[in-house]
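Here is what each chain is made of, one letter per residue.
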Amino acid sequence: MESPEIAAEDSGLIGCFYGYSVTLASFGFFLLLQRLVKCYAIPDWLDEAERWRWNNVLLSLIHAIIIGVWTLSCFRLYPEITDDLIGIKNLYIYTAISFSTGYFASDSFDFIISGHVRERWPIAVHHVVVLWIFLYNLTHCTCLGYTIVALTVEINSVFLHLRKLMKIAKVRRENLAYRANAVATLLTIVTCRFTALGWVSHGIATSYHRFSAFYLYPLSVSVAVMWVLYIVSFHNILTAEFLSKDKKPESRAHRVSGAGPVANGTSNFRGKSE
């Protein structure tokens, strides 16, 4: 737990200038990382659409890993977060939220410049809502604790993004790593997404008088929509991975040739961008 002197010194740094500076730095970091991934970490056997998707999902995975570890460390280092999730002021937490805001801004920017907004409009809408809420919290230095609680969903996102990458790489569903990841995905939807959303919902119900109407109403609608999306996502993954009996058998040619370098035990990445 931080000392009062350190807490006071940290609180002096918390504010728009610092928050927006970290957000801008994070934005630039993910744009640079996007370029590096495009040049050096995309399998050369993917088509154009899959190359963009691989790039986008891999960046999301990197963000999820960083923020997943960061949020857990917030609760480990500063257990007093839970004492006042609305009023807490903590530089470490504030920086994590600023960093994550930069990622969501860069991902939204990527959707726009790559022309994938219409194709991926649900995610684009999600990013707009997240950016509005995060920027409001950073600007007014409020609800930092609840924002960190909400960011614990990134722990589940690690497994969701790994699942997407394995699907792009055409890893077979019978693969042990794929099955283990599917189980972890479902477990963390319950332990991270449902728990975090339940915690935020409880906060809205019990502390609504501490929120401005300008913030409370959009937040409440967003949380209600998230409940629907999370339940649907859990049902779809559970059905697809464990309950569905409509599994198309692979052809002999597919089994022999494999569905890509991962199936054949190799992994070729392009050494430069095209």
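In this report, we go over the structure that sits alongside the text. (Residues numbered from 1 in each chain as written. Predicted model: local features only at pLDDT ≥ 70, side-chain atom pairs only at ≥ 80, totals over all residues. Heavy atoms only, no water.)

With that settled, the discussion passes to the pattern of salt bridges. Following the criterion strictly, the structure yields 6 salt bridges and no others. The partner of Arg51 in a salt bridge is Glu48, with the nearest N and O atoms 2.1 Å apart. Here Arg51 pairs with Glu48, and both are found in helix H3 (residues 48-77), just 3 residues apart, close to one helical turn. With a relative accessible area of 56%, Glu48 lands in the exposed category. (Salt bridge = Lys/Arg side-chain N within 4 Å of Asp/Glu carboxyl O. Helix = DSSP H or I, 4+ residues; strand = E, 2+ residues; numbered from the N terminus. Buried < 20%, exposed > 50% of the residue type's maximum accessible area, 1.4 Å probe, protein only.)

Here we take up the state of the cysteines. Applying the stated criterion across every chain, the model contains 0 disulfides. Free of any disulfide, Cys16 has its nearest neighbouring cysteine sulfur in Cys141, separated by 6.5 Å. Taking the relative accessible area as the measure of exposure, Cys16 reaches 29% and is therefore partly exposed. (Disulfide = S-S within 2.5 Å.)

Here we take up unusual backbone geometry. Positive phi is not limited to glycine here, since Cys141 has a value of about 50 degrees. When you line up the elements, Cys141 lands in the loop between helix H5 (121-140) and helix H6 (144-151). Phi at Cys143 is positive, roughly 55 degrees, even though this residue is not glycine. Inspection of the secondary structure puts Cys143 in the loop between H5 and H6.

Turning our eyes to something else, we now look at the packing of aromatic side chains. Tallying each qualifying case throughout the model produces 21 aromatic pairs. Each ring, one from Trp132 and one from Tyr136, has its centre 5.8 Å from the other, and the planes form 20 degrees; the classification is stacked. Taken together, the residues span about one helical turn, with Trp132 and Tyr136 both in helix H5 at a distance of 4 residues. Exposure remark for Tyr136: the relative accessible area of 15% places this residue in the buried category. (Phe/Tyr/Trp six-rings, centres within 6.5 Å; stacked < 30°, edge-to-face > 60°.)

Looking now at the nonpolar core. Counting 61 residues, the largest nonpolar core has Trp54, Ile81, Ile93, Ile97, Phe134, Ile148 and Tyr215 as the members making the most contacts within it. Looking at this core, the elements with two or more residues in it are helix H2 (16-40), H3, helix H4 (91-114), H5, H6, helix H7 (153-168), helix H8 (176-207) and helix H9 (213-243). Among the elements that take part in this core, H3 stands out by supplying 9 residues, more than any other. In this view, Ile97 contacts Phe134, Leu138, Leu144, Thr147, Ile148 and Leu151; residues no more than four positions away in its chain are not counted. (Core = buried A, V, L, I, M, F, W, Y, C linked by side-chain atoms within 4.5 Å. Contact = heavy atoms within 4.5 Å.)

Its location among the elements puts Arg193 in helix H8. Buried within the structure, Arg193 lacks any salt-bridge partner; Glu154 is the closest side chain of opposite charge, at an N-O distance of 5.9 Å. Separated by 2.8 Å, the side chains of Arg193 and Ser157 make a polar contact. Setting aside chain neighbours within four positions, we find Arg193 in contact with Val153, Asn156, Ser157, Leu160, Thr188 and Tyr230. (Lys, Arg positive; Asp, Glu negative; His and termini not counted. Polar contact = N/O pair within 3.5 Å; in protein donor to acceptor, adjacent residues only side chain to side chain.)

Mapping Lys164 onto the fold places it in helix H7. Counting along the chain gives 107 residues from Lys164 to Val57, while the straight-line C-alpha distance between them is 7.3 Å. Dropping the residues within four chain positions of it, Lys164 is found in contact with Arg53 and Val57.

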